[in-house]
Amino acid sequence: MSAESSGPGPETGPEPGSETGSPQPGPLCPEHGQALSWFCCSERRPVCAACAGLDGRCQGHRIRRAEERAEELRNKIVDQCERLQLQSATITKYVADVLPGKNQRAVSRASAARELVIQRLGLVRSLCESEEQRLLEQVHGEEERAHQSILTQRVHWAEALQKLDTIRTSLVDMLTHLDDLQLIQKEQEIFERTEEAEGILDPQESEKLNFNEKCTQSPLLSQLWATAVLRSLSGMEDVRIDERTVSPFLQLSEDRRTLTFHAKKSKAWADGPERFDHWPNALATTSFQVGLHAWVVNVQNSGAYKVGVASGQLPRKGSGSDSRLGYNAFSWVFSRYDQEFCFSHDGQHEPLDLLQCPSQLGVLLDLQAQELLFYEPASGTVLHTHHASFPGPLFPVFAVADQTISIIH
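Worth saying up front: this structure is predicted, and the values here are computed from it rather than measured. (Residues numbered from 1 in each chain as written. Predicted model: local features only at pLDDT ≥ 70, side-chain atom pairs only at ≥ 80, totals over all residues. Heavy atoms only, no water.)

Thoughts on the packing of aromatic side chains
Using the following cut-off: Aromatic pairing here means that ring centres of Phe, Tyr or Trp (its six-membered ring) are within 6.5 Å. Orientation follows from the plane angle: under 30 degrees is stacked, over 60 is edge-to-face, and everything else is tilted. Runs of H or I in DSSP of at least four residues are treated as helices and runs of E of at least two as strands, each being numbered from the N terminus. Here, a charge over a ring means that NZ of Lys or CZ of Arg falls within 6 Å of the ring centre while also lying within 35 degrees of the ring normal.
For the structure shown, the criterion picks out 5 aromatic pairs. Here Trp 332 and Phe 390 contribute two aromatic rings whose centre-to-centre distance is 5.2 Å and whose plane-to-plane angle is 75°, an arrangement assigned as edge-to-face. Taken together, the residues span a long stretch of sequence, with Trp 332 in strand β9 (residues 331-337) and Phe 390 in the loop between β14 (381-387) and β15 (394-400) at a distance of 58 residues. The structure contains a cluster of three or more aromatic residues connected by ring pairs, namely Phe 334, Phe 341, Phe 343 and Phe 374. Sitting above the plane of the Tyr 327 ring, Arg 324 keeps its charged end 4.1 Å from the centroid.

Pasting the structure below:
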């Protein structure tokens, strides 16, 4: 039996009860009163020879001499101290040699990043200032053109009024002062005067007299404006779907922001005057009559959808064009069918040549400027802009004929 496995033998230590003489120094076994000169590896505690003997409590355990275990621990401590010393040296070297370099590079790169931000925003600012100056000059030029056209018209019609007054005075004078024979003799002059008066036409409406608001249209301004609005929390609307309008071909999520298309009509929706009964349409609960409004729709999962605005007068019933989005005078929509995109209103469909399918679609409605703009937030691209005299109120409107679209809040 070895000292590692079964306890002390004749070569490794005394048998239980064999320790005699003066008491051993140090703590003693509380059970046997003998020196704790052995170590039980199983229980991981020092024991006496009696505990480690054949009849002791640690019989069958792995037993080692206490001094051997202590020597092993000393060696481990020495190894650990050496490792700690090496670790300390590594950390000291890192702190002394690496961190100062990293700090210097961080300061240098932060300075470069700062300069880059200032440089780029300076360029954007300069471009915006140039665009502002260009557009303001264009507005001023258009104002001057309209003003000059109106002044020219004033002069023209003042001359026309004077001429008409002269002709009328002449004719009245003939009528008043000429006898029959004299009047007959003046017939040619009367004819000429009458013909001259008929040559002065009544005023007609002319676009030349109107201020052309298209002079403010700028792709750069539209893009920057759309980005600013859609990235401003104050510019975003909490748009929800009105469940009373949801088509029976659509399923509405609990938060009323997601519409999912089903080819089979659902019987869950009770019919009502507000509900679309054929086309897969739905209106939002909120309508807008004044101000600036914006919302974003996630369209990446759908290959057939329409997003835009509609008047509350939009019919809800039947399979005709009256209630089909983009096919009547009551709806203005951006639509996708497979890989084709277009803007539709009143049966007129304007194809849009997009380089890729947008995953999100931003809608901006500026009722002060009477402008509807569709925008892709990810790329900052203005997809389409439409100007019209919108009747109010206008509701966000949606249609989906493939999978799902969701309003992003």
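The rest of the description comes next.
Observations regarding the pattern of salt bridges
Convention followed: Each salt bridge in this description consists of a side-chain nitrogen of Lys or Arg and a carboxyl oxygen of Asp or Glu lying within 4 Å of one another. Under the scheme applied here, a residue whose accessible area is under 20% of the maximum for its type counts as buried, over 50% as exposed, and between as partly exposed, the area being computed with a 1.4 Å probe on protein chains only.
Using the criterion set out here, one finds 14 salt bridges in the structure. Its salt-bridge partner being Lys 76, residue Glu 72 comes within 4.0 Å of it at the nearest N-O pair. In this pair, Glu 72 and Lys 76 are both assigned in helix α2 (residues 66-177), 4 residues apart and thus about one turn of the helix distant. Take Glu 72: its relative accessible area is 25%, and that puts it in the partly exposed class. A salt bridge links Arg 145 to Glu 142; the nearest nitrogen and oxygen atoms lie 2.7 Å apart. One end of the pair is Arg 145 and the other is Glu 142, both in helix α2 and 3 residues apart, which spans about a single turn. What you see here is one network of salt bridges that share partners, running through Arg 64, Arg 69, Glu 72 and Lys 76.

Description of helix α5 (residues 219-230)
As a reminder of what qualifies: What a helix should span is 1.5 Å times the count of its residues minus one. As used here, the arc is the angular range of directions from the helix axis to the C-beta atoms. We call two residues in contact whenever any of their non-hydrogen atoms come within 4.5 Å of each other.
For α5, with 12 residues, the first-to-last C-alpha span of 16 Å sits near the 16 Å given by 1.5 Å per residue. Buried residues of α5: Ser 222, Ala 226, Thr 227, Val 229 and Leu 230, and no others. Along α5, the residues classed as buried sweep out an arc of 165° about the axis, all on the same side. At its buried positions, α5 is contacted by β7 (292-298), β12 (360-366), β13 (371-376) and β14.

A closer look at the packing of α2 against helix α4 (residues 187-198)
This is how it is decided: Fitted lines through C-alpha atoms give the axes, limited to the stretch in contact for helices. The angle between two N-to-C directions lies from 0 to 180 degrees. Reported orientations rely on four angle classes, namely roughly parallel under 35 degrees, roughly antiparallel over 145, roughly perpendicular from 65 to 115, and oblique for the rest. By convention the crossing between two helices is left-handed if the near helix lies anticlockwise of the far one by an angle smaller than a right angle, and right-handed if it lies clockwise.
Axis separation between α2 and α4 bottoms out at 10 Å; the angle between their running directions is 155°. If you check the angle between α2 and α4, you find them roughly antiparallel. Regarding α2 and α4, the two cross each other, and that crossing is left-handed. Facing α2, whose interface residues are Lys 163, Leu 164, Thr 166, Ile 167, Ser 170, Leu 171 and Met 174, α4 presents Glu 189, Ile 190, Arg 193, Glu 196 and Ala 197.

Topic: the sheet that holds strand β1 (residues 38-40)
Quick note on the threshold: We treat two strands as partners when DSSP finds at least two bridges between them.
If you trace the 3 strands from one edge of the open sheet to the other, you get β2-β1-β3, paired in antiparallel fashion. Either end of the sheet is taken by a strand with one partner, and the two such strands are β2 (45-47) and β3 (63-65). Each neighbouring strand pair of the sheet contributes to a mean axis angle of 40°, computed without reference to strand direction. Note that β1 and β3 share 3 bridges and pair antiparallel. Within β3, the position partnered with Cys 40 by the bridge is Ile 63. Contacting β1 and β3, α2 runs over the sheet at an angle of about 80° to β3.

Re the sheet that holds strand β16 (residues 404-408)
The strand order β4-β5-β16-β7-β12-β13-β14 describes an open sheet built from 7 strands, whose pairing is antiparallel. Pairing within the sheet leaves two strands with one partner each, and these edge strands are β4 (250-252) and β14. Each adjacent strand pair in this sheet contributes to an overall mean axis angle of 20°, direction not counted. Sheet analysis places β4 next to strand β5 (residues 258-261), joined by 3 bridges and oriented antiparallel. Following the sheet pairing, Leu 252 is matched in β5 by Leu 259. Running over the sheet, α5 touches β7, β12, β13 and β14 and is turned about 80° from β13.

Considering the confidence of the model for the chain
For clarity, the threshold we go by: Every residue carries a pLDDT, the predictor's confidence in it, which falls somewhere between 0 and 100.
In the predicted model, the chain carries a mean pLDDT of 87, and the fraction of residues at 70 or more is 93%. Overall, residues 1-24 carries pLDDT values under 50, and its contacts beyond four positions in sequence, including any with other chains, amount to 44 contacts.

Structural notes on a negative patch on the surface
Quick reminder of the rule: Residues enter a patch when their relative accessible area is above 30% and they make no salt bridge; the linking distance is 9 Å between like charges and 5 Å between nonpolar side chains (Val, Leu, Ile, Met, Phe, Trp, Tyr). Here the accessible surface of atoms and residues is derived via Shrake-Rupley with a 1.4 Å probe, and residues count as covered only by protein chains that are part of the display. Charge counting treats Lys and Arg as positive and Asp and Glu as negative, with His and both chain ends excluded. Working definition for charges: the position is that of NZ of Lys, CZ of Arg, CG of Asp or CD of Glu.
A cluster of acidic side chains, namely Glu 192, Glu 195, Glu 196 and Glu 198, defines a negative patch on the protein surface. Within the fold, Glu 196 resides in helix α4.

Focus on the pairing of strand β10 (residues 340-345)
Most of β10 sits inside the fold, with 5 of its 6 residues counted as buried. Linking β9 back to β10 in an antiparallel pair, the connection comprises 2 residues, with Asp 338 at a positive phi of about 60°. Adjacent in sequence and paired antiparallel, β10 and strand β11 (residues 348-352) are bridged by 2 residues, among which Asp 346 carries a positive phi angle near 55°.

Notes on the side chain of Arg 316
Rules: Here a polar contact is taken to be a pair of N or O atoms separated by no more than 3.5 Å, where protein atoms must pair a possible hydrogen donor with a possible acceptor and residues adjacent in sequence count only if both atoms sit in side chains.
Take Arg 316: it is sitting in the loop between β8 (304-311) and β9. Glu 274 provides the closest opposite charge to the buried, salt-bridge-free Arg 316, at an N-O distance of 6.3 Å. At a separation of 2.9 Å, a polar atom in the side chain of Arg 316 contacts the main-chain carbonyl oxygen of Leu 314. Setting aside residues up to four positions removed in sequence, Arg 316 forms contacts with Thr 245, Pro 273, Glu 274, Arg 275, Phe 276, Asp 277, Leu 283 and Ser 323.

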